[in-house]
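Residue-level structural notes
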Amino acid sequence: MSEFGVYVHIPFCRHRCDYCAFATWTDRDHLMVEYVDAVVLDIQRSVAAGMPVADTVFFGGGTPTRLAPELITAIIAAIPLSADAEVTIECNPDDVTPELMQVYAAGGVNRVSIGVQAMVTHVLASLGRTHDPSNVEKAVHAARESGISSINLDLIYGVHGESLEDWRATLAAAIELAPTHVSAYGLTVEAGTPLADDPARHPDDDDQADKYIMTDDMLSAAGMHNYEISNWALDGHECRHNKVYWSQGNYKGFGCASHSHQDGRRYWNVRTPDRYIACVKEDISVEAADEVLDDETRAREALELSLRTTDGVPLGTLDVETLEGLVSVQGNRIVLTRQGKLLANEVSLRLKPR
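Residues numbered from 1 in each chain as written. Predicted model: local features only at pLDDT ≥ 70, side-chain atom pairs only at ≥ 80, totals over all residues. Heavy atoms only, no water.

**With respect to the layout of surface pockets**
If a probe as big as a water molecule is rolled over the atoms, it shows which places are left empty. Roughly 290 Å³ of volume is contained in the second largest pocket. Along the walls of the second largest pocket sit 15 residues, with Lys243, Trp246, Ser247, Thr309 and Asp311 positioned nearest its centre. For the lining of the second largest pocket, the secondary structure elements donating two or more residues are α8 (240-246) and α10 (295-307). With 4 residues, α8 is the largest single contributor of residues to the lining of the second largest pocket. (1 Å grid on protein atoms, 1.4 Å probe; cavity = no way out; pocket = protein on both sides within 12 Å on 5 of 7 lines; lining within 4 Å. Points joined across faces, edges and corners; volume = space filled by probe spheres on them. Helix = DSSP H or I, 4+ residues; strand = E, 2+ residues; numbered from the N terminus.)

Below you can see the structure in the form of structure tokens.
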């Protein structure tokens with residue numbers, strides 16, 4: 001059985017990055033306290049209606065560290081947690097102080113995910129990111145000093161103007177900080193973003209493939225295993241919250257634009273913070289829409305998600321002989337080789353749910 005997860009969306013940002021298509025706002029800071037009050041009340045109503053105890057909690061955004069840390073811990077206090085719950089918060093390196101991390105740790109946060117993206121200044125500028133790479137080291141140190149020992153660094157490769165040596169420098173700097181987990185994603189172009197409107201800055205597939213291989217080589221040498229295509233971890237530090245998603249587990253989203261899943265039914269909340277606050281105040285549903293997956297669709301999605309992980313898929317769901325070099329058989333499972341990970345989308349099209 002999968003664990004039960006809670007996701008909390010914090011939609012406030014100081015600055016919107018060129019590649020971002022998330023539901024975030026730079027002009028809604030005046031709603032912060034009211035928004036948190038609405039989230040807490042929404043959680044309390046869900047608990048009263050029988051929401052399970054949470055095994056994992058993840059604060060994403062947006063920029064959760066834009067909120068006063070006491071507002072974050074007020075939300076955590078409203079969530080019933082299992083004894084060993086994983087509680088993660090995404091952090092902008094510029095916002096992190098020792099005091100902020102101390103409040104988080106005292107309030108139950110035991111894992112942080114720091115938005116590094118790159119450790120090379122001109123690459124950060126190309127992404128539209130504003131933080132100073134030196135603040136990443138300070139943020140990691142502040143987390144460790146507060147007693148938070150599970151630390152993820154989020155990285156993005158394939159940015160316009162980023163050379164292979166630039167990416168090597170980012171990886172080397174990240175490894176030097178001795179994180180317990182690294183998420184490394186190829187830059188993707190999302191419709192409606194400034195990046196989408198500038199084809200000259202779009203990523204190159206071959207360049208991203210080279211950087212992916214470099215990533216796996218360097219992180220593997222640092223003792224991390226690639227347990228999902230874009231995620232590497234030291235043993236025991238895999239992200240339990242993401243595993244809920246990858247195993248089609250149940251989770252509940254709070255805040256505007258957050259998504260939930262319950263036994264094959266996916267649903268999502270109203271998109272803007274203003275509307276979310278109004279719905280909670282009026283005690284009407286914050287749900288905007290939903291979709292119910294039929295058994296066949298759900299089975300195929302389960303295989304697609306599992307194929308991305310070291311669990312792989314059962315024998316018989318792929319024709320191994322036609323995928324030589326892309327998959328390997330391990331016991332009664334089929335897993336992607338590294339070459340297969342580069343072509344995972346194509347391999348997943350060959351899946352045959354039984």
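**A word on the side chain of Ser230**
Counting through the fold element by element, Ser230 comes out in the loop between β7 (225-228) and β8 (231-233). Apart from the residues lying within four places of it in its own chain, the contact partners of Ser230 are Val182, Ser183, Ala184, Tyr185 and Arg308. (Contact = heavy atoms within 4.5 Å.)

**Structural notes on a negative patch on the surface**
On the surface, Asp204, Asp205, Asp206 and Asp210 cluster together to form a negatively charged patch. Along the chain, the position of Asp206 falls in helix α7 (residues 205-221). (Patch = residues over 30% accessible without salt bridge, like charges linked within 9 Å, V, L, I, M, F, W, Y side chains within 5 Å. Areas by Shrake-Rupley, 256 points an atom, 1.4 Å probe, with all protein chains shown as cover. Salt bridge = Lys/Arg side-chain N within 4 Å of Asp/Glu carboxyl O. Lys, Arg positive; Asp, Glu negative; His and termini not counted. Charge placed at Lys NZ, Arg CZ, Asp CG, Glu CD.)

**Observations regarding the packing of aromatic side chains**
All chains considered together, the criterion is met by 7 aromatic pairs. A ring pair is formed by Tyr7 and Phe58, whose centres lie 6.4 Å apart and whose planes are at 20°; its orientation type is stacked. Taken together, the positions of Tyr7 in strand β1 (residues 5-10) and Phe58 in strand β2 (residues 54-61) put the pair 51 residues apart, joining distant regions of the chain. Of the residues examined, Tyr7 reaches a relative accessible area of 14% and is grouped as buried. Taking the relative accessible area as the measure of exposure, Phe58 reaches 10% and is therefore buried. For the pair Phe12 and Tyr35, a centre-to-centre distance of 5.4 Å together with 85° between the ring planes defines the contact as edge-to-face. Of the two residues, Phe12 sits in the loop between β1 and α1 (32-48) while Tyr35 sits in helix α1, which places them 23 residues apart along the sequence. (Phe/Tyr/Trp six-rings, centres within 6.5 Å; stacked < 30°, edge-to-face > 60°. Buried < 20%, exposed > 50% of the residue type's maximum accessible area, 1.4 Å probe, protein only.)

**Description of unusual backbone geometry**
In this chain, Gly61 is followed by Gly62 through a cis amide linkage whose omega measures 15°. Turning to its location among the elements, Gly62 is positioned in the loop between β2 and α2 (69-78). Look at Ala178: it is not a glycine, yet its phi comes out positive at around 55°. Mapping Ala178 onto the fold places it in the loop between α6 (164-176) and β6 (181-186).

**A short note on the nonpolar core**
By size, the foremost hydrophobic cluster in this structure holds 82 residues, and its most contacted members are Ile75, Met101, Val112 and Tyr276. If near-sequence neighbours (up to four positions away) are discounted, Val112 is found in contact with Thr88, Ile89, Cys91, Met101, Ala143, Ile148, Ser150, Ile151 and Asn152. Membership of the second largest hydrophobic core comes to 8 residues, among which are Val123, Leu124, Leu127 and Val159. (Core = buried A, V, L, I, M, F, W, Y, C linked by side-chain atoms within 4.5 Å.)

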